[in-house]
Amino acid sequence: MILRSCLKCEFHEVRETEEGKMSHCTKENCWARYSKCVSIRALDRFLDQERLDATRRFSALEHVYPRE
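Rules behind the numbers
- Residues numbered from 1 in each chain as written.
- Predicted model: local features only at pLDDT ≥ 70, side-chain atom pairs only at ≥ 80, totals over all residues.
- Heavy atoms only, no water.
- Pairing = 2+ DSSP bridges.
- Helix = DSSP H or I, 4+ residues; strand = E, 2+ residues; numbered from the N terminus.
- Buried < 20%, exposed > 50% of the residue type's maximum accessible area, 1.4 Å probe, protein only.
- Patch = residues over 30% accessible without salt bridge, like charges linked within 9 Å, V, L, I, M, F, W, Y side chains within 5 Å.
- Areas by Shrake-Rupley, 256 points an atom, 1.4 Å probe, with all protein chains shown as cover.
- Salt bridge = Lys/Arg side-chain N within 4 Å of Asp/Glu carboxyl O.

**Q** Looking at this structure, I do not really get the sheet that holds strand β3 (residues 30-31). What am I missing?
**A** Across a sheet, paired strands are connected by hydrogen bonds in the backbone, their directions being either parallel or antiparallel. If you walk across this open sheet you meet the 3 strands as β1-β2-β3, and the pairing is antiparallel. Since the sheet does not close on itself, it has two edges, and those belong to β1 (12-17) and β3, each with one partner.

**Q** Quick question: what am I supposed to make of unusual backbone geometry here?
**A** Excluding glycine, most residues fall at negative phi; most peptide bonds, likewise, are trans. The backbone phi angle of Asn 29 is positive, close to 55°, even though this residue is not glycine. Take Asn 29: its relative accessible area is 60%, and that puts it in the exposed class.

**Q** Help me understand the pairing of β1 in this model?
**A** Two faces belong to every sheet, and in a regular strand the side chains alternate between them. In terms of strand pairing, β1 meets strand β2 (residues 20-25) through 6 bridges, oriented antiparallel. Counterpart to Arg 15 in the pairing with β2 is Met 22. Between β1 and β2, which pair antiparallel one after the other, the connecting turn spans 2 residues.

**Q** Even after reading the chapter, I still don't get a nonpolar patch on the surface, so can you show me in this structure?
**A** Residues Ile 2, Leu 7 and Val 14 make up a contiguous nonpolar surface patch of roughly 250 Å² in combined accessible area. One can find Leu 7 in the segment before β1.

**Q** Help me understand the pattern of salt bridges in this model?
**A** Where charged atoms from two side chains of opposite charge approach closely, those side chains can pair. In the structure shown here, the tally under the stated rule is 1 salt bridge. With its nearest N and O atoms 2.5 Å apart, the salt bridge here joins Arg 15 to Glu 13. Using a relative accessible area of 34% as the deciding quantity, one classes Arg 15 as partly exposed. Exposure remark for Glu 13: the relative accessible area of 29% places this residue in the partly exposed category.

Honestly, that's just the spatial picture; any functional story needs more than this.
Right under this line is the structure:
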């Protein structure tokens, strides 16, 4: 499996295996899917998608009668 996010990395290379072409990280000397770099990117992406909007509309009724 070739990872799209790794294609622009200077440490990325494509290696041929029995299963096909795979992304390899030469910086960490491991398959890219196991690298810290990909783990951090995946976590950042997950947190961006799961984050609730911090800005809330102000309502006088909610100020007097809070839901929380």
